[in-house]
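Single-letter residue listing:
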Amino acid sequence: MAAEHGAEHSPPGWFVAPGEGDVMAWIALGFMVLAIYGIVVLYSAFDRWAEHQSKGTPLAKTIPTMLAIALLYEVFPLDHFNILLPLSAILLALMADWSRFHLLRNPGQASQGDADATIPEKQDAPRSEEEAQRDV
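From a predicted model like this one, the values you see are computed outputs, not experimental measurements. (Residues numbered from 1 in each chain as written. Predicted model: local features only at pLDDT ≥ 70, side-chain atom pairs only at ≥ 80, totals over all residues. Heavy atoms only, no water.)

Colleague: Outline the overall build of the protein chain, listing residues and values.
Modeller: Scanning the protein chain for helices and strands turns up five helices and zero strands. For the protein chain, the succession of helices and strands along the chain, N to C, is α-α-α-α-α. Going through the 136 residues of the protein chain one by one, you find that 10% of them count as buried. Taking as baseline every contact in the protein chain between residues at least 6 positions apart, the subset at least 24 positions apart corresponds to 64%. Counting only carbon and sulfur atoms, one obtains 65% of the accessible surface of the protein chain, whose full area is about 12,200 Å². (Helix = DSSP H or I, 4+ residues; strand = E, 2+ residues; numbered from the N terminus. Buried < 20%, exposed > 50% of the residue type's maximum accessible area, 1.4 Å probe, protein only. Contact = heavy atoms within 4.5 Å. Areas by Shrake-Rupley, 256 points an atom, 1.4 Å probe, with all protein chains shown as cover.)

Colleague: Give a detailed account of helix 2 (residues 62-75), specifying residues and quantitative values.
Modeller: The end-to-end C-alpha distance of helix 2, which contains 14 residues, comes to 20 Å, matching closely the 20 Å that a straight helix rising 1.5 Å per residue would cover. Looking only at helix 2, the buried set comprises Thr62, Pro64, Leu67, Ile69 and Leu71. (Expected span 1.5 Å × (residues − 1).)

Colleague: If you had to explain the environment of Leu72 to someone new, which residues and values would you point to?
Modeller: Following the sequence through the fold, Leu72 ends up in helix 2. Placed 32 residues apart in sequence, Leu72 and Val40 show a C-alpha to C-alpha distance of 9.4 Å.

What follows is the structure, given as structure tokens:
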């Protein structure tokens, strides 16, 4: 029974007795919230910059879409989502960019029904006074 009251170890520095408040946990939680907020702010600034730089390029919508998906995977645990969800968003952005790029590349091409609407009508030349008097 002599070993019952031997040298006792002091509790670790991170130990908090039940019912007491843990200041270090609140500080760590505040740092985590600030870190996540910082990541979102940096990604949004980069996304805004990339969107501005990609104007007029063939991937104007695809680049911001890929950055948004990267932000979601960075901040949230999306492992339980199917990989087809972000891939379909990227493919939709690619198709929107492809159609916009080809539409702007060939603006003069119209369908056969609109062919007459794109041809300007011939305007009559101004008549001289002699021609106007002959008609009367």
